[in-house]
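Analysis of the macromolecular model
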Amino acid sequence: MKGRDFVYVGETVPQITEEEHAAFLLQLEKAILASLEKRELLDHGQYQRCAWEIEKQKGEA
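Everything quoted here is computed from the prediction, not taken from an experiment.

**Observations concerning the pattern of salt bridges**
A complete count under the given rule lists four salt bridges for this structure. A salt bridge links glutamate 55 to lysine 30, with the nearest nitrogen and oxygen atoms 2.8 Å apart. Of this pair, glutamate 55 sits in helix 2 (residues 44-60) while lysine 30 sits in helix 1 (residues 22-38), placing them 25 residues apart in sequence. Judged by relative accessible area, lysine 30 falls into the buried class, the value being 18%. The partner of glutamate 53 in a salt bridge is lysine 56, and the shortest N-O contact between them spans 3.8 Å. Here the residue glutamate 53 and the residue lysine 56 both occupy positions in helix 2, the gap between them amounting to three residues, near one helical turn.

**Looking at the nonpolar core**
Listed in full, the six residues of the largest apolar core are Leu26, Leu33, Leu42, Tyr47, Ala51 and Ile54. Of all the secondary-structure elements, those providing two or more residues to this core are helix 1 and helix 2. Broken down by element, the residue count for this core peaks at three residues, all from helix 2. Beyond its immediate sequence surroundings of up to four residues, isoleucine 54 is in contact with Leu26, Glu29 and Leu33.

**A short note on a nonpolar patch on the surface**
Together, Ile16, Phe24, Leu28 and Ile32 give the surface a local cluster of nonpolar side chains, amounting to about 390 Å² of exposed area. As for its position among the elements, phenylalanine 24 is in helix 1.

**Let's talk about helix 1**
Across its 17 residues, helix 1 extends 24 Å between first and last C-alpha, which sits within 8% of the 24 Å expected from 1.5 Å per residue. Within helix 1, burial applies to Leu25, Leu26, Lys30 and Leu33. Projection of helix 1 onto a plane perpendicular to its axis shows the buried side chains occupying an angular sector of 135°, all on one side. Residue glutamate 40 follows helix 1 closely and has a positive phi angle near 65°.

How each quantity is defined
The numbers attached to residues start from 1 for each chain and follow its sequence in the written order. With the structure being a predicted model, the display of local features is reserved for residues of pLDDT at least 70 and the display and counting of side-chain atom pairs for 80 or more, all residues being used for whole-chain, interface and lining totals. For the side-chain quantities, the full set of heavy atoms in the structure was used; hydrogens and water were omitted. Think of a salt bridge as a Lys or Arg side-chain nitrogen and an Asp or Glu carboxyl oxygen that are within 4 Å of each other. Runs of H or I in DSSP of at least four residues are treated as helices and runs of E of at least two as strands, each being numbered from the N terminus. Think of it in three bands: residues with accessible area under 20% of the maximum for their type are buried, residues over 50% are exposed, and the middle band is partly exposed, with areas taken using a 1.4 Å probe on protein chains only. Here, the term nonpolar core denotes a set of buried Ala, Val, Leu, Ile, Met, Phe, Trp, Tyr and Cys residues that are joined through side-chain atoms within 4.5 Å. Any pair of residues with heavy atoms lying within 4.5 Å of one another is described as a contacting pair. Note on patches: the residues involved have over 30% relative accessible area and no salt bridge, like charges join within 9 Å, and the nonpolar side chains Val, Leu, Ile, Met, Phe, Trp and Tyr join within 5 Å. Here the accessible surface of atoms and residues is derived via Shrake-Rupley with a 1.4 Å probe, and residues count as covered only by protein chains that are part of the display. What a helix should span is 1.5 Å times the count of its residues minus one. Our arc is simply the arc of the directions from the helix axis toward the C-beta atoms.

Shape descriptors only; they carry no functional weight alone.
In structure tokens form, the structure reads like this:
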């Protein structure tokens, strides 16, 4: 498969920091887990445990 390069020519993209965008990043990580569950790479129990660990880590930060 041939790779493609993309060049962004618009305005500067703001940095996404964990402090300012914690809720977005949490949902992104949970969406990745949900994708793995849907593809049957994780079972539901593994999904729940990973999601719980992510939420716990975010709460400690």
